[in-house]
Amino acid sequence: MMYFSKLLLALALGTFLSGCGAVNHMVYKTTGNVMQGFSREHTIPYLMQSGDLAMGCAMSEATAPLLMSFGRVTSEPDQLAVMLYLSAGGCAEEQGREHELAALAALYEGKGNAAEDAMIRQKRSYALASKRYLKSWQHHNAFYGEPGTGECPSFDDDMGEFIYLAGLLSGLQALNSEIQSTSSIGVPKNVGSVVARAASCLDNDKWWGAPVALKATVWSMMPGALPEGEDAFERLAAADRQGEEAGVRLSHVFHAIAATNKGDEAKVKAVVRQHAESLDVRPANEDWAFVDAMATNIVVAISDRLWVEHTGHRTPLGQLGTFWDDQKKEVETMDLDGLL
């Protein structure tokens with residue numbers, strides 16, 4: 001009799017606990033769905049309207065584990081993950097750029113050991129950036145399907161289309177960061193050509209000329225990739241005008257990267273000047289201020305690299321678009337001899 005009572009008690013407790021587990025699972029699932037929906041519909045648009053890159057960086061690194069963990073109890077938040085890991089990758093890449101500047105400054109001053117240490121830190125940061133960008137690329141493919149196959153996904157809305165563009169950027173950045181890290185991260189080596197083909201799924205006029213700029217950059221970087229009759233830098237120049245008019249100057253970044261890869265310092269300087277002049281003429285697009293700020297941040301980093309290489313210090317504050325070797329403007333002076 002005693003044994004039978006204990007068995008009933010055990011069964012009752014088991015049923016109760018399993019019921020609690022089921023209830024908890026439903027609560028977690030509901031919470032996960034709400035968090036995913038809220039982040040896509042409100043958090044990302046809110047962030048895109050801000051120009052605070054540091055805030056976006058901190059948010060992505062801090063909240064990515066929390067938001068991604070809901071994939072254990074509900075559907076995998078692939079679309080949200082594209083943005084989280086793209087932003088987190090940008091955080092690591094920013095650290096890599098800082099270490100690169102430290103290395104260049106040390107080289108300028110003849111401090112070999114300090115330069116070598118900074119280069120090691122630079123490569124570690126780029127390795128982390130590549131891993132994060134690769135995760136963004138993988139989640140992009142999981143949500144939208146294999147890109148570059150000739151079939152384009154159907155987009156639910158503008159945000160879905162923008163996240164598709166963001167995923168393409170992640171793929172290209174994953175490869176670029178892997179190269180910078182001099183490590184093997186596992187990024188597919190054909191990602192550049194895949195991204196170039198997939199960019200055709202986006203409306204170039206709608207997205208500030210960025211899709212064509214992205215393709216033109218790949219054409220300029222990969223031997224044999226340039227289609228017959230095309231000129232990559234003419235395409236980039238046209239995309240620059242579209243980006244400037246829209247107040248989202250992402251194409252300037254692609255243009256500067258392409259010129260850097262060609263070793264054309266004069267062209268890089270020209271793009272930096274153009275970006276600085278455009279900032280004085282047209283403010284950032286209110287809905288995409290974050291993207292425009294990101295472009296400016298990268299252009300400043302490109303300018304800083306040139307300044308540190310040649311002078312040992314970064315671009316002077318408030319002087320983006322100017323360079324150390326610019327000809328000083330002649331100042332008209334008055335002859336005071338006749339007044340004495």
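Description of the structure in this document. Fair warning: this is a prediction, and the values are worked out from it, not measured in the lab. (Residues numbered from 1 in each chain as written. Predicted model: local features only at pLDDT ≥ 70, side-chain atom pairs only at ≥ 80, totals over all residues. Heavy atoms only, no water.)

Digging into the overall build of the protein
Working step 1: The number of helices and strands found in the protein is 11 helices and zero strands.
Working step 2: Put simply, the protein runs from its N terminus to its C terminus through helices and strands in the order α-α-α-α-α-α-α-α-α-α-α.
Working step 3: Looking at the protein as shown, the accessible area adds up to about 18,300 Å², and 57% of this sits on carbon and sulfur atoms. (Helix = DSSP H or I, 4+ residues; strand = E, 2+ residues; numbered from the N terminus. Areas by Shrake-Rupley, 256 points an atom, 1.4 Å probe, with all protein chains shown as cover.)

Notes on the side chain of Lys269
Working step 1: With respect to the helices and strands, Lys269 occurs in helix 10 (residues 265-281).
Working step 2: When its relative accessible area of 10% is taken as the criterion, Lys269 is described as buried.
Working step 3: Not counting residues within four places of it along the chain, the set of residues in contact with Lys269 comprises Leu306, Phe323, Trp324 and Asp325. (Buried < 20%, exposed > 50% of the residue type's maximum accessible area, 1.4 Å probe, protein only. Contact = heavy atoms within 4.5 Å.)

Section: helix 10
Working step 1: The terminal C-alpha atoms of helix 10 lie 25 Å apart, and with 17 residues this matches the ideal 24 Å at 1.5 Å per residue to within 8%.
Working step 2: Where helix 10 is concerned, the buried positions are Val268, Lys269, Val271, Val272, His275, Ala276 and Ser278.
Working step 3: Turning to helix 10, the residues buried within the fold contact helix 8 (232-246), helix 9 (250-261) and helix 11 (289-311). (Expected span 1.5 Å × (residues − 1).)

Focus: the pattern of salt bridges
Working step 1: Within this structure, the stated rule accounts for 15 salt bridges.
Working step 2: The partner of Arg97 in a salt bridge is Glu93, and the shortest N-O contact between them spans 3.4 Å. Note that Arg97 and Glu93 are positioned in helix 3 (residues 78-108) at a spacing of four residues, about one turn of the helix.
Working step 3: Classification of Arg97 as buried rests on a relative accessible area of 10%.
Working step 4: Looking at Glu93, the relative accessible area reads 9%, which means it is buried.
Working step 5: Across the pair Glu94 and Arg97 runs a salt bridge whose closest N-O atoms are separated by 2.6 Å. With a gap of three residues between them, Glu94 and Arg97 both fall in helix 3, about one helical turn apart. (Salt bridge = Lys/Arg side-chain N within 4 Å of Asp/Glu carboxyl O.)

Looking at the nonpolar core
Working step 1: One finds Met48, Phe162, Leu168, Trp208, Leu214 and Trp288 to be the most contacted residues of the largest nonpolar core, which totals 59 residues.
Working step 2: Looking at this core, the element that brings in the most residues is helix 5 (residues 158-181), giving 11 residues.
Working step 3: For Trp208, the contacting residues outside a window of four places in its chain are Phe162, Leu165, Ala239, Gln242, Gly243, Ala246, Val248, Leu250, Trp288 and Val291. (Core = buried A, V, L, I, M, F, W, Y, C linked by side-chain atoms within 4.5 Å.)

Side note on the state of the cysteines
Working step 1: All told, the structure shown has two disulfides when counted by the stated rule.
Working step 2: The residue that forms a disulfide with Cys57 is Cys91, at a sulfur-sulfur distance of 2.0 Å. Of this pair, Cys57 sits in helix 2 (residues 53-69) while Cys91 sits in helix 3, and the two are 34 residues apart along the sequence. (Disulfide = S-S within 2.5 Å.)

Quick notes on helix 4 (residues 112-144)
Working step 1: For helix 4, built from 33 residues, the straight-helix expectation of 48 Å at 1.5 Å per residue is met to within 8% by its first-to-last C-alpha distance of 47 Å.
Working step 2: Residue Gly145 follows helix 4 closely and has a positive phi angle near 95°.

Let's talk about unusual backbone geometry
Backbone phi values are negative for most residues with the exception of glycine, while trans is the configuration of most peptide bonds.
Working step 1: Even without a glycine there, the phi angle at Thr182 is positive, about 55°.
Working step 2: With respect to the helices and strands, Thr182 occurs in the loop between helix 5 and helix 6 (191-198).
Working step 3: With phi around 60°, Trp208 is a residue other than glycine that occupies positive phi space.
Working step 4: Checked against the element boundaries, Trp208 lands in the loop between helix 6 and helix 7 (210-221).

Brief notes about the packing of helix 9 against helix 10
Working step 1: Across the interface, helix 9 lies against helix 10 with an axial gap of 8 Å and an inter-helix angle of 165°. In terms of axis orientation, helix 9 runs roughly antiparallel to helix 10. The crossing of helix 9 and helix 10 is left-handed. Here His252, His255, Ala256, Ala259 and Thr260 of helix 9 come into contact with helix 10, specifically with Lys267, Val268, Val271, Gln274, His275 and Ser278. (Axes fitted to C-alpha atoms, helices over the stretch in contact; angles between N-to-C directions. Parallel < 35°, antiparallel > 145°, perpendicular 65-115°, else oblique. Left-handed = near helix turned anticlockwise from the far one by under 90°.)

Brief notes about the packing of aromatic side chains
Working step 1: Counted under the stated rule, the structure contains 12 aromatic pairs.
Working step 2: With 5.1 Å between their ring centres and 80° between their planes, Tyr144 and Tyr164 make a pair best called edge-to-face. In this pair, Tyr144 is assigned in helix 4 and Tyr164 in helix 5, connecting sequence segments 20 residues apart. The same class applies to Tyr144 and to Tyr164, which are both buried.
Working step 3: Both rings, one in Trp307 and one in Trp324, keep their centres 5.6 Å apart while their planes meet at 75°; by these two values the pair is edge-to-face. In this pair, Trp307 is assigned in helix 11 and Trp324 in the segment after helix 11, connecting sequence segments 17 residues apart.
Working step 4: Trp324 gets classed as partly exposed once you look at its relative accessible area, which sits at 24%. (Phe/Tyr/Trp six-rings, centres within 6.5 Å; stacked < 30°, edge-to-face > 60°.)

Any functional reading would require information beyond the geometric quantities listed.
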